[in-house]
2 protein chains.
Amino acid sequence: MSNRLLGAVEAGGTKMACAVAREPDKILEETRFPTSEPEGTFAQVDAFFTQAEAKHGRVDALGYGTFGPAGVNPAESTYGQILKTPKDGWEGVDVLGFLREKFPKTKLAFDTDVNAAALGEGRYGAAQGLQDFIYITVGTGIGGGVVIDGKPLHAQPHAEIGHMRVPLLEGELDDFPGSCQFHGRCLEGLASGTAIGARWGIPATELPKDHPAWDLEAGYLAAMVQNLVACFAPQKIILGGGVMNQKFLLGKVKARYLAEMAGYWSGHEDLLVLPELGNQAGITGALIMASSA
Amino acid sequence: MSNRLLGAVEAGGTKMACAVAREPDKILEETRFPTSEPEGTFAQVDAFFTQAEAKHGRVDALGYGTFGPAGVNPAESTYGQILKTPKDGWEGVDVLGFLREKFPKTKLAFDTDVNAAALGEGRYGAAQGLQDFIYITVGTGIGGGVVIDGKPLHAQPHAEIGHMRVPLLEGELDDFPGSCQFHGRCLEGLASGTAIGARWGIPATELPKDHPAWDLEAGYLAAMVQNLVACFAPQKIILGGGVMNQKFLLGKVKARYLAEMAGYWSGHEDLLVLPELGNQAGITGALIMASSA
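Per-chain numbering applies: the sequence of each chain, read as written, is numbered from 1 onward. Chain letters start at A and ligand numbers start at 1, both assigned in the order the entries are written. Under the rules for a predicted model, residues below a pLDDT of 70 receive no local features and side-chain atom pairs below 80 are neither given nor counted, while totals for whole chains, interfaces and linings still include all residues. Think of the side-chain values as coming from all heavy atoms in the structure, minus any hydrogens and water.

Quick look at the relation of the copies chain A and chain B
What counts, and what does not: Least-squares fitting of one copy onto the other uses the C-alpha atoms of those residues that reach a pLDDT of at least 70 in both copies. Here, residues are in contact when the closest pair of their heavy atoms is within 4.5 Å.
Note on the identical chains: chain A maps onto chain B by a rotation of 180° and an axial translation of 0.0 Å, with an RMSD of 0.0 Å. What we have between these two chains is a two-fold relation. In terms of C-alpha distance to the rotation axis, chain A has P167 of chain A as its closest residue, with the C-alpha 1.8 Å off the axis. Take the interface residues of chain A: 100% of them recur as interface residues in chain B, which is what a same-surface contact looks like.

Focus: the domain arrangement of chain A
Residue and element names in this part refer to chain A. For the record, the criterion: The domain boundaries here were taken from an automatic or database domain assignment. Each of two parts loses accessible area, computed with a 1.4 Å probe, when they are put together; buried area is these two losses added. For this analysis, a polar contact is any N or O atom pair within 3.5 Å, provided that within protein one partner can donate a hydrogen and the other can accept it, and provided that sequence-adjacent residues contribute only side-chain to side-chain pairs. Here a helix means four or more residues in a row that DSSP labels H or I, a strand means two or more in a row labelled E, and each is numbered from the N terminus. Gly counts as polar in this scheme, as do all residues outside two lists: the nonpolar Ala, Val, Leu, Ile, Met, Phe, Trp, Tyr, Cys and Pro, and the charged Asp, Glu, Lys and Arg.
Entries for chain A in the domain assignment read domain 1 (6-117 + 279-291) and domain 2 (127-275). On a C-alpha basis, the centroid separation for the pair domain 1 and domain 2 is 26 Å. The interface of domain 1 with domain 2 comprises 15 residues on the first partner and 17 residues on the second. Roughly 1,200 Å² is buried in total at the junction of domain 1 and domain 2, and carbon and sulfur atoms are behind 63% of that figure. The tally of links between domain 1 and domain 2 comes to four residue pairs in polar contact (both at pLDDT 80 or more). Every element with two or more residues in the side of domain 1 that touches domain 2 is listed here: strand 5 (107-112) and helix 3 (113-124). Residue contributions to the side of domain 1 that touches domain 2 peak at three residues, all from helix 3. By residue class, the composition of the side of domain 1 that touches domain 2 is seven nonpolar, five polar and three charged.

Notes on the interface of chain A and chain B
Interface extent is often summarised as the accessible area lost during association of the parts. For the record, the criterion: Throughout this description, the term salt bridge denotes a Lys or Arg side-chain nitrogen within 4 Å of a carboxyl oxygen of Asp or Glu.
The partner chain B presents 39 residues to the 39 residues of chain A that form the contact. When the buried area of chain A at its contact with chain B is split by residue, R165, C231 and Y264 of chain A rank highest and sum to 21% of it. Notably, a salt bridge pairs R165 of chain B with E260 of chain A, separated by 3.6 Å at the nearest N-O pair. Viewed at the interface, chain B and chain A are joined by 24 residue pairs in polar contact (both at pLDDT 80 or more). Of all elements in the fold, only helix 6 (213-232) and helix 7 (248-261) of chain A reach the threshold of two or more residues within the side of chain A that touches chain B. Broken down by element, the side of chain A that touches chain B gets its largest block of residues, seven residues, from helix 6 of chain A. Counted by class, the side of chain A that touches chain B contains 23 nonpolar, nine polar and seven charged residues.

Observations concerning unusual backbone geometry
Each neighbour pair has its own omega, and for Q156 of chain A with P157 of chain A the value is 0°, a cis peptide bond. Looking at the element boundaries, P157 of chain A is found in the loop between strand 8 (151-152) and helix 4 (187-191). Residue I161 of chain B is not a glycine yet carries a positive backbone phi of 70°. Mapped onto the elements of the fold, I161 of chain B is located in the loop between strand 8 (151-152) and helix 4 (187-191).

Overview of the pattern of salt bridges
Residue and element names in this part refer to chain B. Keep this limit in mind: The rule is simple: take the accessible area with a 1.4 Å probe, protein chains only, and divide by the maximum for that residue type; under 20% is buried, over 50% is exposed, in between is partly exposed.
Per the stated rule, a full pass over the model turns up 16 salt bridges over all chains. Across the salt bridge formed by E29 and K55, the nearest N and O atoms sit 3.0 Å from each other. Of this pair, E29 sits in strand 3 (residues 26-34) while K55 sits in helix 1 (residues 38-56), placing them 26 residues apart in sequence. You can call K55 exposed: its relative accessible area is 55%.

Brief notes about the sheet that holds strand 6 (residues 133-138) of chain A
Residue and element names in this part refer to chain A. We count it as follows: One bridge is not enough; two strands pair if DSSP finds at least two bridges between them.
The strand order across the open sheet built from five strands is 8-7-6-9-10, with neighbouring strands paired in mixed fashion. In this open sheet, the two edge strands, each paired with only one partner strand, are strand 8 and strand 10 (272-273). Bridge analysis of strand 6 against strand 7 (residues 142-148) gives six bridges, and the strand direction is antiparallel. Across the sheet, the residue bridging to V138 is I142, located in strand 7.

Quick word on the packing of helix 6 of chain A against helix 6 (residues 213-232) of chain B
The axes of two packed helices give the description: the angle between them and the distance between them. This is how the line gets drawn: Under this scheme, a helix contributes an axis fitted over its contacting stretch, all axes are lines through C-alpha atoms, and angles between N-to-C directions fall in the 0 to 180 degree range. Oblique is the label for every angle not falling under 35 degrees (roughly parallel), over 145 degrees (roughly antiparallel), or within 65 to 115 degrees (roughly perpendicular).
As a packed pair, helix 6 of chain A and helix 6 of chain B sit with axes 11 Å apart at the nearest point and diverge in direction by 75°. Between helix 6 of chain A and helix 6 of chain B, the crossing angle belongs to the class labelled roughly perpendicular. Packed against helix 6 of chain A, whose contacting residues are N227, L228, C231 and F232 of chain A, the element helix 6 of chain B presents N227, L228, C231 and F232 of chain B at the interface. Each residue belonging to the contact of helix 6 of chain A with helix 6 of chain B can be placed in one class, and the counts come to six nonpolar, two polar and no charged.

Re the sheet that holds strand 1 (residues 6-11) of chain A
Residues and elements named next belong to chain A. Spatial ordering of the open sheet is given by 3-2-1-4-5, a layout of five strands whose pairing is mixed. With partners counted over all chains shown, the strands left at the sheet margins are strand 3 (26-34) and strand 5, one partner each. Across this sheet, the average inter-strand angle for adjacent strands is 15°, counted without regard to direction. Pairing analysis gives six bridges linking strand 1 to strand 4 (residues 61-66), with the strands arranged parallel. From the neighbouring strand, V9 faces strand 4, where its bridge partner is Y64. The strands touched by helix 1 (residues 38-56) within the sheet are strand 1, strand 2 (15-23), strand 3 and strand 4, with strand 2 carrying the most contacts at an inclination of about 20°. Each of strand 1, strand 4 and strand 5 is contacted by helix 3, which is oriented at about 100° to strand 5, the strand it contacts most.

What about the side chain of T112 of chain B?
Residues and elements named next belong to chain B. Position of T112 relative to the elements: it lies in strand 5 (residues 107-112). We classify T112 as buried; its relative accessible area is 2%. When near neighbours in sequence (up to four residues on either side) are disregarded, T112 contacts G65, T66, V72 and H158.

And the structure:
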């Protein structure tokens, strides 16, 4: 379309991605590195764009998708900042302030990483052509990006999803105290990758397919799905994040959700899907944010 | 503003209201009667507007707020219809078809009763000046109207809220099987007026203030509030409906929510409020719908 140079940062809880592109789906250059403390992280972001601008020219518009919670509502005083987070050193960090200093002439867009991922999947992936859908990441934490009428939901400041309450699966004797430092056994405290590791003493990636962990996990994610449907009535729910890389898990969540929902909502056989863009959803979405900034 | 005659119907699960007005907050004439089967109910609606039009002239625009679930998405084939409901005779009823026949020249707006109530409270009541808020009714069932960016949420087809999952309050030995015919112990099955009556064998309106029912009720509604905040991050949640007429209950829900949320979200001391329009919220909102039809 245009010849503008788009920049994007996906700031995930554990991994960063930076990219430049002329179109959101045609990345010219990209780098990935672990998320560390703010100063070191920003230095690496700075270094990537300094060399990219030397090669491709000035970045005209940049989208930044951050781990949450973050101030994404331009009407609020916390706009552009990281809010209450257990991530060391990040609470209160003024991300937009850093970007404005680094890119004084660049149009900036700021949103959550999961809203960015939702936009990516909406334009190029599993939710193409849809108006109402949700992107969920089940990883270190649990987060969600909600798209309503084609636009990411921003309120006070944004949907978080992870800290909802779900029934304990007591029939399965779940006496795990939960890993959420605020709520113990909220959804994130029961079903995030962190919770799985703490509960079983084995990282989720190393648990065999027939481990009882997976039925329990499917039960909690099915309750989350029912709550998302009760609240948002979406066309699709995309289940992404590291824990969902165990591909057999999607089928278990589907079966459990359909059983528990008990025919109340119809046509939900294909409600749940995996992301189609894999780990490119977030950075692609941040480029889409830049392109409409 | 204009001299147009506005008509409105609030079709609640147990009570109907019909009104005509020149402005949404200045009702000229209003009637209320119990909701019965569709034919008898529509005959009474018909009779009210026939006499009202004889007196005030033709209704130029009419808003209809119905109990849910209902097809409120104009893009769907079920638009204007009542969907899966336990209410005798109402499933599949084509409300909009009836209205088009009765009012062939009138502009029609169709939404849920709780979206209508939310609009009413947003213009004249507890959510004036707000963009993101939720109206909840805790009555025979539990339902919710969600306003995002000043507009009622419509998706596939709309938020229902009532059928979300919440943790069983097991410390309080809750072995009640739940009253929801689909899910047993979903929120509606645990905390609606119907559930309270079935659990204790006494209608909610007759339970004394010091009955243990109220702490249990507050616990379930607090979990609902946490889930609504995790999903929508609203500015206010208005708790209405017959069960909330026990005015002391609001304080119990607030205290329980603040304790369970454990300081994770700040500034939530005034998040929960009672409706300000009482039982006029729905009919007022339906008149607002008419005025913008």
